Amino acid sequence: MGDVFLVRHGETEWSRSGRHTGSSDVPLTERGREEARRLVPLIRSHRIAAAFVSPLQRARDTAELIGLRDVRVDPDLREWDYGAYEGVTTPDIQRERPGWFLFTDGVAPGPPEHPGETPEQVGARADRVLARVDAALADTEGAVVLVAHGHVLRVLTARRLGLPPSGGALFQLATGTLCRLGTEHGRPVIAGWNIRPGQ
């Protein structure tokens, strides 16, 4: 079975300041665009069988900048719906809710169009993505690339490794980096994490 490459979109103003960025379509900064462009050699060094991207523009721009073609937009790769915590930083949330932790506590309800998601709901989306990934890997040779967002990719990694969605807390994921999920003796493993050119 081929590898799964995870690419977190490049930096945005909100990712730089630590604001939870779910449905808000904040554009890449120039630094974020450069982070994406630096990943091109890493992507080109592999045969890509299929690529999927979040519908949000910051992820789609990253996919374009790293040179992916024939990318399928997958709504299940959108970022965690943060509900009332959209645009709010963790320290600000913890001032009102001491000890709050996204991966175990979820979010406060938001407006009807963005009510928020539990870790289990994000995990269910990740499972659907992984089913499509496995179908693509079984159908062709090469790797599958997923271009999306920090928290959803962390949950997806946890689910790939057989962990509950809350296990995503174990995997810090920087902007503009590549991660590689592979196998060893037929079992899923992390083969590379937060990779940038020159590492």
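Residues numbered from 1 in each chain as written. Predicted model: local features only at pLDDT ≥ 70, side-chain atom pairs only at ≥ 80, totals over all residues. Heavy atoms only, no water.

Chemist: Tell me about the overall build of the chain, residues and numbers included.
Modeler: When helices and strands are tallied, the chain shows 8 helices and 6 strands. Scanning the chain from its N terminus toward the C terminus, one meets helices and strands in the order β-α-α-α-β-α-β-α-α-α-β-α-β-β. Its C-alpha atoms give the chain a radius of gyration of 16 Å, near enough to 16 Å, the size a compact globule of 199 residues would have. Here the chain holds 199 residues, and the buried ones make up 49% of them. If you take every contact in the chain between residues at least 6 apart in sequence, the share linking residues at least 24 apart comes to 66%. Accessible surface computed for the chain: about 9,500 Å², of which carbon and sulfur atoms make up 49%. In the chain, which carries 25 positive and 26 negative side-chain charges, the distance between the mean positions of the two groups comes to 3 Å. (Helix = DSSP H or I, 4+ residues; strand = E, 2+ residues; numbered from the N terminus. Rg over C-alpha atoms; globule rule 2.2 N^0.38 Å. Buried < 20%, exposed > 50% of the residue type's maximum accessible area, 1.4 Å probe, protein only. Contact = heavy atoms within 4.5 Å. Areas by Shrake-Rupley, 256 points an atom, 1.4 Å probe, with all protein chains shown as cover. Lys, Arg positive; Asp, Glu negative; His and termini not counted. Charge placed at Lys NZ, Arg CZ, Asp CG, Glu CD.)

Chemist: Please give an account of the nonpolar core that cites residues and values.
Modeler: Counting residues in each nonpolar core, the largest one holds 31 residues, and the members touching the most others are Leu6, Trp80, Val144, Leu146 and Leu156. Put simply, the parts of the chain that give this core at least two residues each are strand 1 (4–8), strand 2 (48–53), helix 6 (102–105), helix 7 (119–139), strand 4 (143–148), helix 8 (150–160) and strand 5 (178–184). With 7 residues, the top contributor of residues to this core is helix 7. Dropping the residues within four chain positions of it, Leu6 is found in contact with Leu146, Leu153, Leu156, Thr157, Thr177, Leu178, Cys179, Leu181 and Trp193. Membership of the second largest hydrophobic core comes to 17 residues, among which are Val7, Ile66, Val145 and Val147. (Core = buried A, V, L, I, M, F, W, Y, C linked by side-chain atoms within 4.5 Å.)

Chemist: Describe the pairing of strand 6 (residues 187–195), with residues and values.
Modeler: Looking at chain direction, strand 5 and strand 6 are connected through 6 bridges and run antiparallel. Bridge assignment links Thr183 to a residue of strand 6, and that residue is Pro188. (Pairing = 2+ DSSP bridges.)

Chemist: Break down the packing of helix 7 against helix 8 for me, citing the residues and quoting the values.
Modeler: Where helix 7 meets helix 8, the axes come as close as 9 Å, and the angle between the chain directions of the two elements is 65°. Taken as axis vectors, helix 7 and helix 8 run roughly perpendicular relative to one another. Crossing hand, helix 7 versus helix 8: right-handed. Two secondary-structure elements touch here, helix 7 through Val122, Gly123, Arg125, Ala126, Asp127, Val129, Leu130, Val133, Asp134 and Leu137 and helix 8 through Val152, Val155, Leu156, Arg159 and Arg160. Residue classes in the contact of helix 7 with helix 8 are distributed as 9 nonpolar, 1 polar and 5 charged. (Axes fitted to C-alpha atoms, helices over the stretch in contact; angles between N-to-C directions. Parallel < 35°, antiparallel > 145°, perpendicular 65-115°, else oblique. Left-handed = near helix turned anticlockwise from the far one by under 90°. Nonpolar A, V, L, I, M, F, W, Y, C, P; charged D, E, K, R; others polar.)

Chemist: Tell me what's going on with the pairing of strand 4, and back it up with residues and numbers.
Modeler: Within strand 4, 6 of the 6 residues are buried, leaving the element largely enclosed by the surrounding structure. Residues of strand 4 alternate between two faces, with Ala143, Val145 and Val147 on one and Val144, Leu146 and Ala148 on the opposite face, all of them buried. Both strand 1 and strand 4 contribute to a ladder of 5 bridges, which runs parallel. Counted as the bridge partner of Val4 is Val144 from strand 4. One ladder, built from 5 bridges, connects strand 2 with strand 4; its direction is parallel. Directly across from Ala50, in strand 4, lies its bridge partner Val144.

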